[in-house]
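Examining the three-dimensional arrangement
Here are the chains, one letter per residue:
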Amino acid sequence: MNRKAFTAAALMLALALAGCTPSLVDRSYDVVRDGAQKALSLTFSISAAVTNWLPETPEAPPSSPRCPRARPS
(Lines give C-alpha, C1' and ligand atoms only; values in the text may rest on other atoms or scores of the structure.)
Protein backbone atom coordinates (compact mmCIF):
# COMPACT_ATOMS: atom_id res chain seq x y z
CA MET A 1 0.00 0.00 0.00
CA ASN A 2 2.89 2.32 0.74
CA ARG A 3 4.25 1.88 -2.74
CA LYS A 4 0.91 2.82 -4.35
CA ALA A 5 0.68 5.96 -2.21
CA PHE A 6 4.24 6.96 -3.11
CA THR A 7 3.55 6.38 -6.81
CA ALA A 8 0.35 8.42 -6.64
CA ALA A 9 2.15 11.26 -4.81
CA ALA A 10 4.98 11.22 -7.35
CA LEU A 11 2.45 11.30 -10.21
CA MET A 12 0.60 14.24 -8.65
CA LEU A 13 3.89 16.08 -8.12
CA ALA A 14 4.90 15.47 -11.74
CA LEU A 15 1.54 16.79 -12.96
CA ALA A 16 1.86 19.85 -10.74
CA LEU A 17 5.36 20.56 -12.08
CA ALA A 18 4.15 20.03 -15.64
CA GLY A 19 1.50 22.68 -15.01
CA CYS A 20 4.20 25.10 -13.81
CA THR A 21 6.47 24.51 -16.78
CA PRO A 22 5.10 27.27 -19.04
CA SER A 23 5.42 29.83 -16.28
CA LEU A 24 8.99 28.70 -15.60
CA VAL A 25 9.79 29.02 -19.30
CA ASP A 26 8.18 32.46 -19.40
CA ARG A 27 10.14 33.61 -16.36
CA SER A 28 13.44 32.34 -17.74
CA TYR A 29 12.69 34.01 -21.08
CA ASP A 30 11.96 37.28 -19.27
CA VAL A 31 15.23 37.03 -17.35
CA VAL A 32 17.22 36.36 -20.53
CA ARG A 33 15.43 39.16 -22.40
CA ASP A 34 16.04 41.64 -19.59
CA GLY A 35 19.69 40.64 -19.43
CA ALA A 36 20.08 41.12 -23.17
CA GLN A 37 18.45 44.56 -22.97
CA LYS A 38 20.76 45.59 -20.13
CA ALA A 39 23.80 44.36 -22.08
CA LEU A 40 22.71 46.30 -25.16
CA SER A 41 22.11 49.43 -23.08
CA LEU A 42 25.55 49.05 -21.51
CA THR A 43 27.10 48.66 -24.97
CA PHE A 44 25.49 51.91 -26.14
CA SER A 45 26.57 53.71 -22.97
CA ILE A 46 30.17 52.59 -23.39
CA SER A 47 30.08 53.54 -27.07
CA ALA A 48 28.80 57.04 -26.23
CA ALA A 49 31.43 57.45 -23.51
CA VAL A 50 34.24 56.43 -25.85
CA THR A 51 32.91 58.71 -28.58
CA ASN A 52 32.80 61.66 -26.19
CA TRP A 53 36.25 60.83 -24.82
CA LEU A 54 38.00 60.75 -28.21
CA PRO A 55 39.25 64.14 -29.38
CA GLU A 56 37.80 65.57 -32.54
CA THR A 57 40.25 65.68 -35.43
CA PRO A 58 40.35 68.93 -37.37
CA GLU A 59 39.45 68.85 -41.01
CA ALA A 60 42.50 68.49 -43.22
CA PRO A 61 42.73 71.05 -46.03
CA PRO A 62 41.96 69.60 -49.43
CA SER A 63 45.03 68.74 -51.43
CA SER A 64 43.77 70.02 -54.75
CA PRO A 65 45.94 72.26 -56.95
CA ARG A 66 43.25 74.98 -56.76
CA CYS A 67 43.90 75.53 -53.09
CA PRO A 68 46.50 78.34 -52.56
CA ARG A 69 47.98 76.59 -49.50
CA ALA A 70 48.65 73.42 -51.43
CA ARG A 71 50.71 75.18 -54.16
CA PRO A 72 54.46 75.04 -53.77
CA SER A 73 56.11 78.45 -53.35
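Structure report, in brief. (Residues numbered from 1 in each chain as written. Predicted model: local features only at pLDDT ≥ 70, side-chain atom pairs only at ≥ 80, totals over all residues. Heavy atoms only, no water.)

1. Regarding the overall build of the protein
What the protein contains, in helices and strands, is one helix and zero strands. Burial status across the protein gives 1% buried among its 73 residues. Summing over all exposed atoms, the protein offers an accessible surface of approximately 7200 Å²; the carbon and sulfur share of this is 67%. (Helix = DSSP H or I, 4+ residues; strand = E, 2+ residues; numbered from the N terminus. Buried < 20%, exposed > 50% of the residue type's maximum accessible area, 1.4 Å probe, protein only. Areas by Shrake-Rupley, 256 points an atom, 1.4 Å probe, with all protein chains shown as cover.)

2. Section: the pattern of salt bridges
Enumeration according to the criterion identifies two salt bridges in this entry. Where aspartate 34 meets arginine 33, a salt bridge forms, and the shortest distance between an N and an O atom there is 3.6 Å. By relative accessible area, aspartate 34 is classed as partly exposed at 33%. Each of Asp30, Arg33 and Asp34 takes part in salt bridges that share partners, so that together they form one network. (Salt bridge = Lys/Arg side-chain N within 4 Å of Asp/Glu carboxyl O.)

3. Observations concerning a nonpolar patch on the surface
Residues Leu42, Ile46, Val50, Trp53 and Leu54 make up a contiguous nonpolar surface patch of roughly 550 Å² in combined accessible area. Locating valine 50 in the fold gives a position in helix H1 (residues 2-53). (Patch = residues over 30% accessible without salt bridge, like charges linked within 9 Å, V, L, I, M, F, W, Y side chains within 5 Å.)

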